[in-house]
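The chain contents come next:
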Amino acid sequence: MTKGKTGNSKFLKAYNETYILNLIRVNKSLSRADISKATGLSPTAAGGIVSSLIEKGYLCENGTGESKGGRRPVMLELKKNSRYSIGLDVDVDSVTFILMDIKGRVVFEWSSALVDNRPAAVASLAAEEIERVLSDCRIHKDKLLGIGISVPGMVDAETRRVVLAPNLSWEDADFGRMLREKIELPVYIENEAMASAICENWIGACKSVDNFICVNIKSGIGAGIFTGGRPYRGTGGSAGEVGHIVVDENGLACGCGNHGCLETIVSTGRIVEKAEKLIKKGLKSQLNEIENVSKVRLSNIVDAARSGNQAAGGLLEEAAGYLGIALSYLVNTLNPSKIVLGKDFVVYGDLVMDTLRRVVDRKALKRPAANVEIAVSEIGERSSTLGAAIIPLKILFGS
Ligand SMILES: [Zn+2]
């Protein structure tokens, strides 16, 4: 056999293994005959690949299926406890972790407070936490496919360094490498909104949706964009910075140097600030449900709005109006079939969805506006941590 052929057949074997593994993930349980039929491989070739996957510990035989004449076929499925992945989401004052198994099930979920949120300190804490939980769960490190990281910042498309994460005060931080050196496992780093988009695409509202945008609204506002079924990160990795779309030329100064960016009006912090101002102005009757709260939280405003408080409802409606303007630009530019709104928006989305939809329909062109479904994420706060955990699985399954 020539060298070239060997190389080629190794490539083909790896390709077929990944393909069959994903086929079983999608279908949950298949027989060897099913696999042969679905792949077009001969029964012998399909059987050989299945044996190799069983040997590597990814698959197991589990009972027999329906007979289509003759012997009942042995069914194959992903082997529980064979491989795992970990996702971590870095926030300003805490890191949230999810340990996921090969079947995509959450095995363990925890978070850890950050005393020092500089990159090296976070990498040390993350490595310690991961080692501790693996030991507690009696999972050997070599069963871990890798670590996915979600950061609230811009990640360079090529080098995967964190270019800028303003809320964390990180600038040009090679956080992925820092963690990889400590944990000695594959590490994949992603922008938070893109991690959420990966989650929505894998298990959420955008399964089998090719062109969609996932917008996360909390202390910052960012979007994860999928086009043609693939993440769109842009030339330098900064695609999706929708928080800096200017929606009010005369608005407040933003950290980016502009005035009236979406983030300066619709971020959760800004909505809370406005509520605090209303209370200080003495408009007690308008926000009486929350006037006695020492520190106003979004949940206080949403509760007040739900119980019919007009001032509180007005704050959320106003935010939704500006969000609608920004979304109409995205609808016109990218013509997505779906926009999913996540994170803090999940808490009040149902209250303002009509306003939001009305503004998009008024501001965007008719055709792309008619094409787009706008929905509140059903996953919410955990989407980016889940998405981070899904990244190593996506690589294993080649999807
Ligand atoms: Zn800005």
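What counts, and at which threshold
- Residues numbered from 1 in each chain as written.
- Predicted model: local features only at pLDDT ≥ 70, side-chain atom pairs only at ≥ 80, totals over all residues.
- Helix = DSSP H or I, 4+ residues; strand = E, 2+ residues; numbered from the N terminus.
- Buried ≥ 20, exposed ≤ 12 C-beta atoms within 10 Å, placed from the backbone.
- Contact = placed C-beta atoms within 7 Å.
- Pairing = 2+ DSSP bridges.
- Axes fitted to C-alpha atoms, helices over the stretch in contact; angles between N-to-C directions.
- Left-handed = near helix turned anticlockwise from the far one by under 90°.
- Nonpolar A, V, L, I, M, F, W, Y, C, P; charged D, E, K, R; others polar.
- Domains from an automatic or database assignment.
- pLDDT = per-residue confidence, 0-100.

1. Some words on the overall build of the chain
The helix and strand inventory of the chain stands at 13 helices and 16 strands. For the chain, the spread of C-alpha atoms along the principal axes amounts to about 80 × 50 × 40 Å. Scored against the burial criterion, the 399 residues of the chain give a buried share of 39%. Restricting the contact set of the chain to residue pairs at least 6 apart, pairs at least 24 apart contribute 62%.

2. Thoughts on the environment of Leu179
Checked against the element boundaries, Leu179 lands in helix H5 (residues 175-183). Between the C-alpha atom of Leu179 and that of Asn335, which follows or precedes it by 156 residues, the distance is 38 Å. In this structure, Leu179 is in contact with Ala123, Ala126, Ala127, Ile147, Ile149 and Val187, ignoring residues within four places of it in sequence.

3. Digging into the sheet that holds strand S4 (residues 84-90)
Spatial strand order, S6-S5-S4-S7-S11: five strands in an open sheet with mixed pairing. Both edges of this open sheet fall to strand S6 (106-113) and strand S11 (187-191), since each of them pairs with a single strand only. If you compare each strand with its neighbour and ignore which way they point, the axes differ by 15° on average. Judged from the seven bridges that link them, S4 and strand S5 (residues 94-101) form a sheet pairing that is antiparallel. What sits directly across from Leu88, in S5, is Phe97. Across the sheet, H5 is in contact with strand S7 (144-151) and S11; its angle to S7 comes to roughly 150°. Here helix H6 (residues 192-202) sits on the sheet and contacts S4, S7 and S11; the angle it forms with S11, its principal contact strand, is near 105°.

4. With respect to unusual backbone geometry
Non-glycine residue Arg160 carries a positive phi angle of around 60°. You can see Arg160 is positioned in the loop between strand S8 (154-155) and strand S9 (162-165). Notably, Lys343 is not glycine yet its phi reads approximately 60°, a positive angle. On the neighbour-count criterion, Lys343 (26 C-beta atoms within 10 Å) is buried.

5. Some points on the packing of helix H2 (residues 32-39) against helix H3 (residues 43-55)
Relative orientation of the contacting elements H2 and H3 amounts to 115°, with a least axis distance of 9 Å. In terms of crossing hand, the pair formed by H2 and H3 is right-handed. Together, Arg32, Ala33, Ile35, Ser36 and Thr39 of H2 and Pro43, Ala46, Gly47 and Val50 of H3 make up the contact between the two elements. Split into classes, the residues belonging to the contact of H2 with H3 amount to five nonpolar, three polar and one charged.

6. So, the sheet that holds S8
Strands sit in the order S8-S9-S10 across an open sheet of three strands; the sheet is antiparallel. Both edges of this open sheet fall to S8 and strand S10 (170-173), since each of them pairs with a single strand only. As paired strands, S8 and S9 are joined by two bridges and run antiparallel to one another. Bridged to Met154 within S9 is Leu164.

7. Observations regarding the domain arrangement of the chain
As far as domains go, the chain holds domain 1 (3-78), domain 2 (84-202 + 383-397) and domain 3 (212-378). If you look at the interface, domain 1 gives five residues, while domain 2 gives four residues. In terms of residues, the side of domain 1 that touches domain 2 owes the most to one element, helix H1 (residues 3-27), which gives four residues. Class assignment of the residues belonging to the side of domain 1 that touches domain 2 gives a composition of two nonpolar, two polar and one charged.

8. Overview of H6
An α-helix turns once per 3.6 residues; consequently, residues spaced three or four apart project the same way. With 10 of 11 residues buried, H6 lies mostly within the body of the structure. For H6, the complete set of buried residues consists of Glu192, Ala193, Met194, Ala195, Ser196, Ala197, Ile198, Cys199, Glu200 and Asn201.

9. Brief notes about the packing of helix H8 (residues 268-280) against helix H10 (residues 310-334)
Packing of H8 against H10 leaves a shortest axis separation of 10 Å and a crossing angle of 145°. Seen from above, H8 lies across H10 with right-handed handedness. Along the contact surface, H8 presents Ile271, Lys274, Ala275 and Leu278, while H10 presents Ala311, Leu315 and Ala319. When the residues that make up the contact of H8 with H10 are grouped by side-chain class, the tally is six nonpolar, no polar and one charged.

10. Observations concerning the pairing of S9
What sits between S8 and S9 in their antiparallel hairpin is a turn of six residues, with Arg160 showing a positive phi close to 60°. The pairing of S9 with S10 spans three bridges and is classified as antiparallel. Bridge assignment links Ala165 to a residue of S10, and that residue is Trp170.

11. Examining the environment of Thr333
Position of Thr333 among the secondary structure elements: in helix H10. When the 10 C-beta atoms within 10 Å are taken as the criterion, Thr333 is described as exposed. The spacing of Thr333 and Leu365 is 32 residues in sequence and 10.0 Å in space, taken between C-alpha atoms.

12. Quick look at the confidence of the model for the chain
For the chain, the average pLDDT comes to 93, and 95% of its residues sit at 70 or higher. Across residues 1-7, where pLDDT falls below 50, the model places one contact with residues more than four positions away in sequence or in other chains.

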